[in-house]
Amino acid sequence: MVEIGRIMLDTGWLAARSTEVEVNGVELTTTHPPTQPESPWMEAVVPGTVLGTLVKNKLVPDPFYGLENESIIDIADSGREHYTFWFFTTFDCKLSNNQHVDLNFRAINYSAEVYLNGHKEVLPKGMFRRHSTDITNILHPDGQNLLAVLVYPPDHPGRIPPQGGQGGDHEIGKDVAAQYVEGWDWMTPIRDRNTGIWDEVSITVTGPVKIVDPHLASTFFDGYKRVYLHSTIELVNKSAGVAECSLNIQVSTELEENTFLIEHLETQHLSISPDANIHYTFPQLYFYKPNLWWPNGMGKQHLYNVEITVDVQGYGESDTWSHHFGFRKIESHIDSATGGRLFKVNGQPIFIRGGNWILSDGLLRLSKERYKTDIRFHADMNFNMMRCWGGGLAERPEFYHYCDLYGLLVWQEFWITGDCDGRGDPVSNPNGPLDHELFLLCARDTIKLLRNHPSLALWVGGNEQVPPPDINAALKNDLQLHPYFMKSNDSDTSAITPVLKDPSQYLDGTRVYIQGSIWDGFADGKGDFTDGPYEIQNPEDFFKHDYYKYGFNPEVGNVGMPVAATIRATMPPEGWQIPLFKKLSNGYIEEVPNPIWNYHKYIPYSKPGKVHDQILSYGTPKDLDDFCLKAQLVNYVQYRALLEGWTSQMWSKYTGVLIWKTQNPWTGLRGQFYDHLHDQTAGFYGCRSAAEPIHVQLNLATYSIEVVNTTSEELSNVAIEASVWDLEGECPYYKTSEKLTVSPKKTISTFEMKYPKSKNPKPVYFLLLKLYDVSDYRIYSRNFYWLHLSGGDYKLLEPFREKRPPLKITSLTFIKGSTYEMRMHIQNTSKKPNSYTALYKNNFIRRNGSCDESDSSEPFHLLDGEKHEISLYEKIRRNFSREHSKTKVYEVNGTGKGVAFFLHFSVHASKEHKKGEDTRILPVHYSDNYFSLVPGEVMTVTISFEVPPGVTPRVTLHGWNHHGGRTIP
């Protein structure tokens, strides 16, 4: 008997262009199967796309490198048959009596013919739908099975106009498919339009009865003390006889490593007629004060495991299904004070600070590892929401899995954009996709696929557009809320009454549906193009009351230049040329980038007529390294100011903001906090600082010091330390505030900075703010600014590069297999002023309530972003042994006292390499980077990463006035 369950078919695939294969699907799966990757057959990427397979086999160049995409023929010029491909594999499966097996494709783009052992099945169109076929009766008797899949591209792949544009000629909008593939103002066209078996393939073995698409929902009463779990499942009896079934539902939670608590175990009995398909709703399960799931920054992401099994009399366990589940209630309404949509989780208002998400990779090279890094990066930035943009994907369950673990709320849009569906230039398909029923079928199937994830917060009809009236009406009907979720009062003491339909019997019923991204509490709420802007800004403008009119901005964009190493790794030398700075008659600068940067959608760091060039404010860059370093300074300032400006007016003017966008699915040069290779920009850490739950900040418009408390607890017995440092290492201004109390969910203004108004202020200076507990000097928030006088610039920082303060670095390294955890303890050993307090130690109060004591000899805490991985990283940390830990001390001599400015670590492979070769180990998680230390100050940075086999890592420290790079032994 084959063990019941799912078997992935993700290895051993071959592929070939259909026009080069001389036999048909029946012959491929009977008499003429390919046996090895010999022409025309090649190793295939499954899951993946045709273009991904061609890149892997080096039959086309990397489309994301330089201008290489221009050398790959577009489907509009080649015809659809050029990207119509066969995919072939084999698998073993030999069943016992009364076992059944299904062949499953979680997604194909766009349609396909499937051949198994000479039998043909046509898979219908649609990029966002699952396909499942019972293959029990066509398995080969000896268990050896041959599978071939002929995959066709979208029906309307479109053509790319010479001028490019948003979604090319918009023809892709006629299909139910991802629309970004025709190119956008941030994306090059994808030549095969993502044709392929782009999501997982599997077979599932069951007994006579199969479980299909369970739906879990929870309801809350008595102030979240009394909670009910609701569950409805679909059951299919595949046998010719009546199935006498025992249905079991078990709910458990992990208390600690390898210790689980079973909170509920219920069994129900029912009979299912032959060949019948039924829905069954379990009696609701009662929980008293369960651990709730909270978004990032509001609490822990508690998850329970729900397991459902069906046992059939005379057979035994026939099928099993499990899913993690978080108890939480998400509500939203249009706020009367701001006009913006206000979200609540478990009754608590949450100020939304997050970003727009397209997809992880433009060739759909998706993996759990890449998703994990992507989502953890967003949590590391202290974001609490990601918007899955309507021109991209219905994101995969693995994406949602990590959003569940790291606490990222998800706004999921369906596949409508204004550009391709009625509002484009020229005016595009006004009635959306041609096949409305197909669109709705894909939408309903996507809802069933994703609805059990606690991170999923809302459904939205489209990007800057509403679906056609019939689709919109159907989605409103399908996604109507259960009456319980229409209530805003969670204190109702009565349980769900029998007259109400059980919440789990709805298609969803627990999440709001909004018809479009700029409707109903987003932007102006009426569908006018009132999101944006998408360019460089004067940092102080973000704080002004008239900067943005509306309560919730779903898209506001900015610059995104990566580090120089990424430019060298993704472009040939002609792409290493920095922009020309062309002075205009009005005194502003126009940047003229090289053609490769233009192709990669570079956003300039100036806006003639409004914003002077922000890179030139630091002095004319000498080369690529200098340009990219100065760009990082601007990235940090821009994105910190953006989020601080919004948070400054939390609830009084705004309910949330989503940055356009957080990353690029290719090697683009705009709107990103980390690049396609997974190296962070300084903007990443500007966001991390600005979006911390408790934060001290400088209002750049008023120069008042503000304290932000986004938590649900009062902040008391705290004070602010403000110190100004000049370029000579002196402290001309020092102030501590009176004790403060900050109410929950509030931003308060405390005192105005007097320094710039004092006698003889320095033209360029540093400001260090610390919010601390007055009883023990532990720090809630630390914020470091570099500032210039009004009308000035930062050019004095150029000679400051030569004033290198001394540093002392103590490194503590733990190694477990290929996993490295490093603690870097950095001290600026310049003489510290007499007035300086114990705050120089920077002992931070951790979000979980513990303090990261800098002198601890115990294995250090892992980064906040990893703490939710259901104890996985805690298990790893516990396994670090003393034998695998190393402590080293390294001192960097200086040329004088002063601020160690804009320090940043990177991790590299210690190996022989060619000049210019990219030696970075990526991804790396840093607790902080691009930080600065005033004289005497101490900072601890934790670093974690995986090392490839056979590679020894080395950590390098760079800084504005520690240039050249220092390798930390």
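Reference entry: report on the structure contained in this document.

**Some points on the sheet that holds strand β7 (residues 119–123)**
Pairing between the strands of a sheet comes from backbone hydrogen bonds, and it takes one of two forms, parallel or antiparallel.
Link 1 in the chain: Spatially, six strands are ordered β3-β2-β4-β9-β6-β7 in an open sheet, and the strand pairing comes out antiparallel. In this open sheet, the two strands that pair with only one neighbour each are β3 (42–43) and β7.
Link 2 in the chain: Where strand β6 (residues 111–116) and strand β9 (residues 144–152) come together, six bridges link them in antiparallel fashion. By the bridge assignment for β9, E113 is matched with L150.

**A short note on the sheet that holds strand β46 (residues 953–959)**
Link 1 in the chain: Strands sit in the order β44-β42-β46-β47 across an open sheet of four strands; the sheet is antiparallel. Taken across any chain shown, the strands that pair with only one partner, and hence form the sheet edges, are β44 (931–933) and β47 (962–968). Neighbouring strand axes in the sheet, compared pairwise and without regard to direction, differ in orientation by 35° on average.
Link 2 in the chain: With six bridges connecting them, strand β42 (residues 900–909) and β46 associate as antiparallel partners. Residue V907 lies in a different strand from β46, and its bridge partner there is V955.

**A look at the packing of helix α6 (residues 436–450) against helix α7 (residues 469–478)**
Link 1 in the chain: At their nearest, the axes of α6 and α7 sit 10 Å apart, and the two run at 25° to each other. Here α6 lies roughly parallel to α7, going by the angle between them. Classified by chirality, the crossing of α7 by α6 is right-handed. Contacts from H436, F439, L440, A443 and R444 in α6 reach D470, I471, A474, L475 and D478 in α7.

**Some thoughts on the nonpolar core**
Link 1 in the chain: M753, W786, F901, F905 and I943 are the most contacted members of the largest nonpolar core, which totals 276 residues.
Link 2 in the chain: Examining the composition of this core, we find that 14 residues originate from one element, helix α10 (residues 624–648), more than from any other.
Link 3 in the chain: Excluding residues that lie within four positions of it along the chain, F901 makes contacts with L633, F766, F784, W786, L797, F800, F931, S932, G959, W960 and N961.
Link 4 in the chain: The next biggest cluster of nonpolar side chains, apart from the first, holds eleven residues, and it includes L14, W41, F88 and A148.

**Side note on helix α5 (residues 397–406)**
Link 1 in the chain: When you tally the buried positions in α5, you get nine out of ten residues, the bulk of the element.
Link 2 in the chain: Taken together, the buried positions of α5 are P397, E398, F399, Y400, Y402, C403, D404, L405 and Y406.

**As for the packing of aromatic side chains**
Link 1 in the chain: Throughout the structure, instances matching the rule amount to 64 aromatic pairs.
Link 2 in the chain: The interplanar angle of 70° and the centroid separation of 6.2 Å between the aromatic rings of F287 and Y304 together place this pair among those described as edge-to-face. Taken together, the residues F287 in strand β16 (residues 285–288) and Y304 in strand β17 (residues 304–312) connect sequence positions 17 residues apart.
Link 3 in the chain: Judged by its relative accessible area of 2%, Y304 is buried.
Link 4 in the chain: With a centroid separation of 5.7 Å and an interplanar angle of 80°, the aromatic rings of Y548 and Y550 are classed as edge-to-face.
Link 5 in the chain: For Y550, a relative accessible area of 26% gives the class partly exposed.
Link 6 in the chain: Between R341 and the ring centre of F522, over which it is positioned, the NZ or CZ distance is 5.9 Å.
Link 7 in the chain: Positioned over the ring face of W576 is R568, at 5.6 Å from the centre of the ring.

**Notes on the pattern of salt bridges**
Link 1 in the chain: The full count for this structure, using the stated rule, is 45 salt bridges.
Link 2 in the chain: Ionic pairing is found between E535 and K607, a salt bridge with its closest N-O pair at 3.6 Å. Of this pair, E535 sits in the loop between β26 (512–514) and β27 (552–557) while K607 is found in the loop between α9 (595–599) and α10, placing the two residues 72 residues apart along the sequence.
Link 3 in the chain: Put simply, D679 and R920 hold a salt bridge, and the shortest N to O gap is 2.7 Å. Here D679 is found in the loop between β30 (656–660) and α11 (682–690), whereas its partner R920 is found in the loop between β42 and β43 (924–926), with 241 residues between them in sequence. Taken as a pair, D679 and R920 share a single burial class, namely buried.
Link 4 in the chain: One continuous salt-bridge network, built from bridges that share partners, spans R6, R106, D199, E200, R396 and E398.

**Quick notes on the environment of G791**
Link 1 in the chain: Within the element layout of this structure, G791 appears in the loop between β38 (779–788) and α12 (797–800).
Link 2 in the chain: Judged by its relative accessible area of 82%, G791 is exposed.
Link 3 in the chain: As for G791 and P763, which are separated by 28 residues in sequence, their C-alpha atoms are 9.8 Å apart.

Calculation criteria
Residues numbered from 1 in each chain as written. Predicted model: local features only at pLDDT ≥ 70, side-chain atom pairs only at ≥ 80, totals over all residues. Heavy atoms only, no water. Pairing = 2+ DSSP bridges. Helix = DSSP H or I, 4+ residues; strand = E, 2+ residues; numbered from the N terminus. Axes fitted to C-alpha atoms, helices over the stretch in contact; angles between N-to-C directions. Parallel < 35°, antiparallel > 145°, perpendicular 65-115°, else oblique. Left-handed = near helix turned anticlockwise from the far one by under 90°. Contact = heavy atoms within 4.5 Å. Core = buried A, V, L, I, M, F, W, Y, C linked by side-chain atoms within 4.5 Å. Buried < 20%, exposed > 50% of the residue type's maximum accessible area, 1.4 Å probe, protein only. Phe/Tyr/Trp six-rings, centres within 6.5 Å; stacked < 30°, edge-to-face > 60°. Lys NZ or Arg CZ within 6 Å of the ring centre and 35° of its normal. Salt bridge = Lys/Arg side-chain N within 4 Å of Asp/Glu carboxyl O.

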